[in-house]
Amino acid sequence: MRKFFLVYGIAYVILLLVVLTLLYEYPKLELHLLLNSYHTRLQDMFFTYYSMIAEGPIYALGLLPLFWKQLRLTLFFGISELSGGAILQVLKHLFSMPRPASAFENCPDMVLPVVEGISMHHSNSFPSGHASTFFVFCTCVALYLTFRRQSSVKHVRPRTVVLLNASLLWLLILATLGAYSRVYLSQHFLSDVCVGSIIGFVTPCLVFYFGKNKFLKPDQTHYKELE
């Protein structure tokens, strides 16, 4: 079953390579303007509220497994988020990078795209906490969906394979939209959300790898069943 997670992982690596290429090819401010070249009222409203999911609702979703007495899942998400958050806060205060609102003040010939009603932040831009949170949650769910079945790959129905792979790709899209929302709202640069996504992707993988015997039921931890 672990082979299914490669769909999520490979898709993320491809996305990461695209982002790294953009970061290499364009100066930071010019790239930010390029990514914010098109705004509509519908997009303004969507990304404003979608970004807010990482400020509270996503933690409520992380608690939902408790209603089904699945403490392991909530514990998995909680440890991943706390671990990623600790790394993120260290980096934020270590680099103390200016946000777009501050960076563009020194470039009067460039106009920062903003969304009406958004309170702009000015400091600790790198990396993005929202991007990290979105990717932590979606990666945790992707790992759970991949490893929750006890049966081997040979006995998984083709329809199940298609649905699982589609679900994993959809989770990556949801995480990516959350990360991009911070660029769209001009709260972060692409480099900020890029590193935030890396933290949000790697942290749950490491937490799961070292704690899988705690987060999975005993009959789900046999490697022969999951290979």
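Structure shown above.
Draft legend 1. Structural view of the nonpolar core. Counting residues in each nonpolar core, the largest one holds 35 residues, and the members touching the most others are Y8 and F135. Elements supplying a minimum of two residues to this core: α1 (2-25), α5 (71-95), α7 (129-147), α8 (158-184) and α9 (190-215). In terms of residues, this core owes the most to one element, α7, which gives 10 residues. Leaving out residues up to four positions away in the same chain, F135 has contacts with Y8, Y12, L172, A175, T176, A179, S197, G200 and F201. One finds L29, F104, L112 and F189 within the second-largest nonpolar core, a separate group that totals seven residues.

Draft legend 2. Molecular detail of unusual backbone geometry. Geometrically, the link from F126 to P127 is a cis peptide bond, its omega value of -5 degrees lying close to zero. Checked against the element boundaries, P127 lands in the loop between α6 (100-103) and α7. Despite not being glycine, S186 has its phi angle at roughly 60 degrees, a positive value. As for its placement among the helices and strands, S186 is situated in the loop between α8 and α9.

Draft legend 3. Quick look at the packing of α5 against α7. Look at α5 against α7: their axes get within 10 Å of each other, and the N-to-C directions meet at 150 degrees. Judged by the inter-axis angle, α5 sits roughly antiparallel to α7. When the axes of α5 and α7 are compared, the crossing they make is right-handed. Two secondary-structure elements touch here, α5 through L73, F76, F77, S80, E81, L88 and K92 and α7 through G129, S132, T133, V136, F137, C140, L143 and Y144.

Draft legend 4. Region of interest: the packing of aromatic side chains. Under the defined criterion, the tally for this structure stands at 17 aromatic pairs. A ring pair is formed by F5 and F201, whose centres lie 6.3 Å apart and whose planes are at 10 degrees; its orientation type is stacked. Of this pair, F5 sits in helix α1 while F201 sits in helix α9, and the two are 196 residues apart along the sequence. Summarising the burial analysis for this pair, F5 and F201 share the class buried. Arranged with centres 4.7 Å apart and planes meeting at 35 degrees, the rings of F47 and Y184 form a pair that is tilted.

Calculation notes
- Residues numbered from 1 in each chain as written.
- Predicted model: local features only at pLDDT ≥ 70, side-chain atom pairs only at ≥ 80, totals over all residues.
- Heavy atoms only, no water.
- Core = buried A, V, L, I, M, F, W, Y, C linked by side-chain atoms within 4.5 Å.
- Buried < 20%, exposed > 50% of the residue type's maximum accessible area, 1.4 Å probe, protein only.
- Helix = DSSP H or I, 4+ residues; strand = E, 2+ residues; numbered from the N terminus.
- Contact = heavy atoms within 4.5 Å.
- Axes fitted to C-alpha atoms, helices over the stretch in contact; angles between N-to-C directions.
- Parallel < 35°, antiparallel > 145°, perpendicular 65-115°, else oblique.
- Left-handed = near helix turned anticlockwise from the far one by under 90°.
- Phe/Tyr/Trp six-rings, centres within 6.5 Å; stacked < 30°, edge-to-face > 60°.

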